[in-house]
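Letter by letter, the chains look like this.
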Amino acid sequence: MNQKDLKRYKKMLEDSKTSLLESAKKTLVEEASFDTDDLPDEIDQASSEYTQSMVFRLRDREKFLLQKIDRALGRIEDGTFGVCERCDEEISPKRLEARPVTTLCIRCKEEQEKKEKSYG
């Protein structure tokens, strides 16, 4: 992969990371101010707690995405970005555009999903 493409993927990953971190900070500020005394009845409170729980679950998923982004940035630095971990073939640019944190080419990912489906 050429340096121009690597810089572009690095920028995509860094932008995604920045966006996720800003969103997480915003959530902390908003959810930290959550006060159950402000809600008039139990139904409103339950609804608000459910929403808060859902937001924190989404943030937890984003935490794993941040880890994947950091690993992808590490692969850019060590020269293994865009190479399938399983078969050592290059991952297609289309796949990297759609999912720059990927570690598997489309063929290996499909095989992995078939195995998971057969066990699932």
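As the structure is a computational prediction, the values presented were derived from the model and not from experiment.

Let us now look at the overall build of the chain. Per the secondary structure count, the chain includes four helices and zero strands. Beginning at the N terminus, the succession of helices and strands in the chain can be written as α-α-α-α. Here the chain holds 120 residues, and 22% of them are scored as buried. In the form shown here, the chain has an accessible surface area of approximately 8900 Å², with 52% of it arising from carbon and sulfur atoms.

Bringing the pattern of salt bridges into the picture now. Enumeration over the complete set of coordinates arrives at seven salt bridges. Residues Lys10 and Glu77 are paired through a salt bridge, measuring 3.1 Å at the closest nitrogen-oxygen approach. Remark: Glu77 occurs in helix H2 (residues 42-78) and Lys10 occurs in helix H1 (residues 3-32); sequence separation between them is 67 residues. A relative accessible area of 57% means that Glu77 is categorised as exposed. Measuring nitrogen to oxygen at the nearest pair gives 3.0 Å for the salt bridge that ties Lys11 to Asp15. In this pair, Lys11 and Asp15 are both assigned in helix H1, four residues apart and thus about one turn of the helix distant.

Attention shifts here to the UniProt feature "domain: Zinc finger DksA/TraR C4-type" (unreviewed entry) in the chain. Residues annotated in UniProt with the feature "domain: Zinc finger DksA/TraR C4-type" (unreviewed entry) correspond here to residues 79-114. The span residues 79-114 carries 42% helix and 0% strand; its end-to-end C-alpha distance comes to 29 Å.

The rules behind each value
- Sequence order as written defines residue numbering, which begins from 1 separately in each chain.
- Reporting of local features is limited, given that this is a predicted model, to residues whose pLDDT is at least 70; pairs of side-chain atoms are given and counted only at 80 or more, and all residues count toward the totals for whole chains, interfaces and linings.
- No hydrogens and no water enter the side-chain calculation; it runs on all heavy atoms of the structure.
- Runs of E in the DSSP output that reach at least two residues are strands. Runs of H or I that reach at least four are helices, and both are numbered from the N terminus.
- Buried residues are those whose accessible area, probed at 1.4 Å on protein chains only, stays under 20% of the maximum for their type, while exposed residues exceed 50% and partly exposed ones sit between those limits.
- In this description, accessible areas are obtained by the Shrake-Rupley approach with a 1.4 Å probe, and a residue is regarded as covered only by the protein chains that are shown.
- For salt bridges, the criterion is a side-chain nitrogen of Lys or Arg within 4 Å of an Asp or Glu carboxyl oxygen.
- UniProt positions are given in the numbering used here, feature names are shortened, and annotations may be inferred rather than shown by experiment.

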